[in-house]
Amino acid sequence: MASVFLYHVVGDLTVGKPELVEFAETETVEAAIRAIGESTEGGIAVWKKRSQKNVIENAEMRQQRFVGILNSFDIVAFLAKDDCLADQDKAMKTPVAEVVVPNNSLLKEVDPATRLIDALEMMKQGVKRLLVPKSRGWRVVSKRFSVIYNGKWLKNLDTSGASNANSAASLNRPSSSSTTTIRDKICCLSREDVLRFLIGCLGALAPLPLTPISSLGAINLNYCHIATTQPAIDATRMLPQDLSAVAVVEPASDGQHKIIGEISACKLWKCDYLAAAWALANLSAGQFVMGVEDNITSRSIANLSTSPVAEDSNLANGGSATRPRKFSSRNIGFFSSGTSPSFGASRSMYRGRSAPLTCKTTSSLAAVMAQMLSHRATHVWVTDAENEEILAGVVGYTDILAAVMRQPATTVPEARTA
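Notes on the structure in this doc start here. (Residues numbered from 1 in each chain as written. Predicted model: local features only at pLDDT ≥ 70, side-chain atom pairs only at ≥ 80, totals over all residues. Heavy atoms only, no water.)

Here we look at the overall build of the chain
To keep things clear, this is the line we draw: Strands here mean DSSP runs of E at least two residues long; helices mean DSSP runs of H or I at least four residues long; both are numbered from the N terminus. Buried residues are those whose accessible area, probed at 1.4 Å on protein chains only, stays under 20% of the maximum for their type, while exposed residues exceed 50% and partly exposed ones sit between those limits. The contact definition used throughout considers only heavy atoms, calling two residues in contact when any of these lie within 4.5 Å. In these tables, accessible area is a Shrake-Rupley quantity obtained with a 1.4 Å probe, and a residue counts as shielded only by the protein chains included in the view.
Summing up its helical and strand segments, the chain has 16 helices and 14 strands in all. Residues classed as buried in the chain amount to 54% of the 418 residues present. Counted over contacts in the chain with a minimum sequence separation of 6, partners at least 24 positions apart contribute 70%. When the accessible surface of the chain is split by element, carbon and sulfur atoms take 48% of a total near 19,200 Å².

As structure tokens, then:
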């Protein structure tokens, strides 16, 4: 394992990060859609409101208030329900507490002095967000991200003279801040933030970044998939634990899968949510991802209204659009080619915004990481090295972190005696 993981700390990643703004579970779905559009990884953390505003919280109290992470896939699946489609205005005013899937383990609060290796281990085990106090006493020493000096581990001491109760724990283990009152401002780190940091440390990770993902064991073979002929709504019943993505595939002659597209939080991140919900409830998976044109009107498509999120001017005025229009893939935000190609057609016919983000089994780890960051994606589908239509697996944040941490560990220098 590269020493960058042992000598860097979580506090190094908080530079320039804004203070945490909590999204309450009492907020509406409409408000959540706006917040998700400005979020990372297409999802937002949902919180219970504080019961006593004048009481200073510690980490344990904050952890108990955290509900879960709400993403665009969750919202579209909710809006695709029959009762929501029947009364869209009421659905958009629904509190997110009725939509978010409770999962208190997706977030963890750590001290800024927590080693990066410990933070990576937490994320590898399923944590998607890290809360980090932005201590005023935090000082970067020696080099930009160095936290070791003359062979000794340094502590994140509060130089302002605060009591030791508020000083950071030693760097060789996560802090037990659940019993410590935190008065610092809090920021939130996502897995995307960690990946951006790793991209900046590619030299220290050599030769790992140039190694094929197949050689690193980074390809996850347990991906979720749905056939093009199945109802698109079936994708909501097979949501994986880590990736909010389902591949839309066609069976190949040899029993393998040809990837056509995907139904995922990434693709639905900034879409027209009401249009996407209608399509999810009424179309096949293949139609949903490849685009359905305006000339298909036999399903009362003309009665579909524009989503409030799609009309920026109405959003600014706090109103919602009611102008009816025909459904098309452009309404959702997907690519539309003017004709509806058959599912067996070449992928070149429907490349565009609907095309899934893919790499090959021979792609390097650095290339996959760069793809994820440039497209703001949580995953990349992996195709066969010889045939880019054949699906071989998927690579997500957890797979990348596990591959990076699987490398032989470097011995940590012992502290020198005075």
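Quick notes on the sheet that holds strand β1 (residues 23-24)
Rules: One requirement defines pairing of two strands: DSSP has to find at least two bridges between them.
The strand order across the open sheet formed by three strands is β1-β2-β3, and the pairing between neighbours is mixed. Since the sheet does not close on itself, it has two edges, and those belong to β1 and β3 (66-71), each with one partner. Here β1 pairs with strand β2 (residues 43-47) via two bridges, running parallel. What sits directly across from Phe23, in β2, is Val46.

Quick word on the packing of helix α7 (residues 116-124) against helix α16 (residues 397-405)
Quick reminder of the rule: Geometry is summarised by axes, namely lines fitted to C-alpha atoms with helices restricted to the contacting stretch, and by angles between N-to-C directions that run from 0 to 180 degrees. Note on terminology: angles under 35 degrees are roughly parallel, angles over 145 are roughly antiparallel, angles of 65 to 115 are roughly perpendicular, and the others are oblique. For a crossing to be left-handed, the near helix must be turned anticlockwise from the far one by less than a right angle; the clockwise case is right-handed. The residue classification treats Ala, Val, Leu, Ile, Met, Phe, Trp, Tyr, Cys and Pro as nonpolar and Asp, Glu, Lys and Arg as charged. All others, Gly included, are polar.
Running from N to C, α7 and α16 point in directions that differ by 135°, and their axes come no closer than 9 Å. Overall, the two elements α7 and α16 adopt an arrangement that is oblique. By crossing handedness, the relation of α7 to α16 is classed as left-handed. Contacts between α7 and α16 involve Ile117, Leu120, Glu121, Met123 and Lys124 on the former and, on the latter, Thr398, Leu401, Ala402 and Met405. Of the residues assigned to the contact of α7 with α16, the class counts are six nonpolar, one polar and two charged.

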